[in-house]
Amino acid sequence: MTLLLIVGATGTLGRQVVRRALDEGYRVRCLVRSFKKAAFLKEWGAELVPGDLCDPQSLPPALIGVTAIIDAATNRPTDSLSIKQVDWDGKVALIQAAKAAEVERFIFFSILDAQNYPDVPLMEIKRCTELFLSEAGLNYTILRPCGFMQGLITQYAIPILERQAVWVTGESSPIAYMDTQDVAKFAIRALSVPETEGQTFPLVGSRAWSAEEIISLCERLSGQEARVTRMPLNLLRTMRHVSRFFQWGWNLADRLAFTEVLVTGRPLNAEMDDVYRVFGLDPQETTTLENYLQEYFSRILKKLKELDYEKNKTKKQAGKRSPVKKS
Ligand SMILES: NC(=O)c1ccc[n+]([C@@H]2O[C@H](COP(=O)([O-])OP(=O)(O)OC[C@H]3O[C@@H](n4cnc5c(N)ncnc54)[C@H](OP(=O)(O)O)[C@@H]3O)[C@@H](O)[C@H]2O)c1
């Protein structure tokens, strides 16, 4: 049976790739930094191997017997490591180890339009990694998403439900978000479609959404008004330059640079007809952003109602039990 190595399996996308691969009957091995954090993947039926992209020696043992690699790893903003250490040095090490181990297939997640932003570190690193992979002599497929619907929960849905501020930059590019479950579906399908070998594809949702449109949709679905706070672009740029002076700020500065992508106003979107045709997938089965958020809000509002009901019930019972004062 084909053995897949999934890197970044504990991440937002990686876990969906693991789920889909297991559901489709693949044997799955996950390269993980912490067994404790990855325990749920083992419960699902995946094998865990210890490893770190920034420790090249940990990679060859993880690759023994592996047919294909799906790499969904990226630097965590909370890590002390830099984007360059993980997304460039680490990925170069992984690609070289894959080549040495004669892995038959390598699926890599890049970012849509990375070539248009040479001054944004993560974008430039993605462009260079695409190039490095395509010249490494491996049988690769590069997938280029532009944003995951899962990120919208912390960015918009939760602050609106909790009546906290929703932060937006002055003018932001509309983004064609995709559900990570759909992204995972394409990644696993690539393994069995020879036309995807040596090719690069965009992976985007059915349409691009601006921040304002997402906020209105969340307001409608939650029945609550958002408290929108606009972050001036110049303030973000200043923060980026100031944080560069401090080592602790390098990671932050690289992330703030990403706002340069969002403020161009240029939509992050792509034509998907050919992609669906090549992969043999049906666009009607891809989750729309309306459906994704509707599902989220109805689930969460139902839970809140239940909690409220339980709270009132406990209060009433406590009221009945408390002794009535006699005058
Ligand atoms: N998020 C988006 O909207 C978006 C948009 C376009 C493209 N992408 C691309 O899609 C892919 C998945 O992104 P994501 O948002 O799902 O990532 P994520 O949730 O931030 O997860 C990152 C994963 O990488 C792992 N990782 C980090 N450093 C590592 C290291 N040194 N060695 C081994 N593993 C390491 C993390 O493991 P730990 O759990 O141990 O930290 C985690 O499993 C990435 O290539 C990303 O660039 C994402």
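Residues numbered from 1 in each chain as written. Predicted model: local features only at pLDDT ≥ 70, side-chain atom pairs only at ≥ 80, totals over all residues. Heavy atoms only, no water.

A.B. asks: Looking at this structure, I do not really get the site of the ligand. What am I missing?
C.D. replies: Contacts to the ligand come from 24 residues, most closely from T10, R33, K37, D52 and R76. Between the ligand and G8, the relevant distance is 3.2 Å, taken from an oxygen atom to a main-chain nitrogen or oxygen of the residue. A distance of 3.4 Å separates an oxygen atom of the ligand from a polar backbone atom of F109. When the ligand is considered free in solution it has 920 Å² of accessible area, and contact with the protein chains removes 89% of it. A class-by-class count of the residues in the shell around the ligand yields 12 nonpolar, seven polar and five charged. (Near = heavy atom within 4 Å. Polar contact = N/O pair within 3.5 Å; in protein donor to acceptor, adjacent residues only side chain to side chain. Areas by Shrake-Rupley, 256 points an atom, 1.4 Å probe, with all protein chains shown as cover. Nonpolar A, V, L, I, M, F, W, Y, C, P; charged D, E, K, R; others polar.)

A.B. asks: Looking at this structure, I do not really get the packing of helix 6 (residues 151-161) against helix 8 (residues 211-222). What am I missing?
C.D. replies: Helix-helix packing is described using two parameters, namely the angle between the two axes and the distance between the axes. At a minimum axis distance of 10 Å, the contact between helix 6 and helix 8 shows a crossing angle of 45 degrees. By the criterion of interaxial angle, the relationship of helix 6 to helix 8 is oblique. As helix 6 runs across helix 8, the sense of the crossing is right-handed. On helix 8, the residues touching L152, Y156, A157, I160 and L161 of helix 6 are A211, I214, I215, C218 and S222. (Axes fitted to C-alpha atoms, helices over the stretch in contact; angles between N-to-C directions. Helix = DSSP H or I, 4+ residues; strand = E, 2+ residues; numbered from the N terminus. Parallel < 35°, antiparallel > 145°, perpendicular 65-115°, else oblique. Left-handed = near helix turned anticlockwise from the far one by under 90°. Contact = heavy atoms within 4.5 Å.)

A.B. asks: Please explain the environment of S34 as it appears in this structure.
C.D. replies: As for its placement among the helices and strands, S34 is situated in the loop between strand 2 (27-32) and helix 2 (39-44). Judged by relative accessible area, S34 falls into the partly exposed class, the value being 28%. Along the primary structure S34 and L252 are separated by 218 residues, whereas in three dimensions their C-alpha atoms are 24 Å apart. A distance of 3.0 Å separates the side chain of S34 from the backbone nitrogen of K37, its partner in a polar contact. (Buried < 20%, exposed > 50% of the residue type's maximum accessible area, 1.4 Å probe, protein only.)

Remember that the coordinates give geometry; whether it matters functionally is a separate question.
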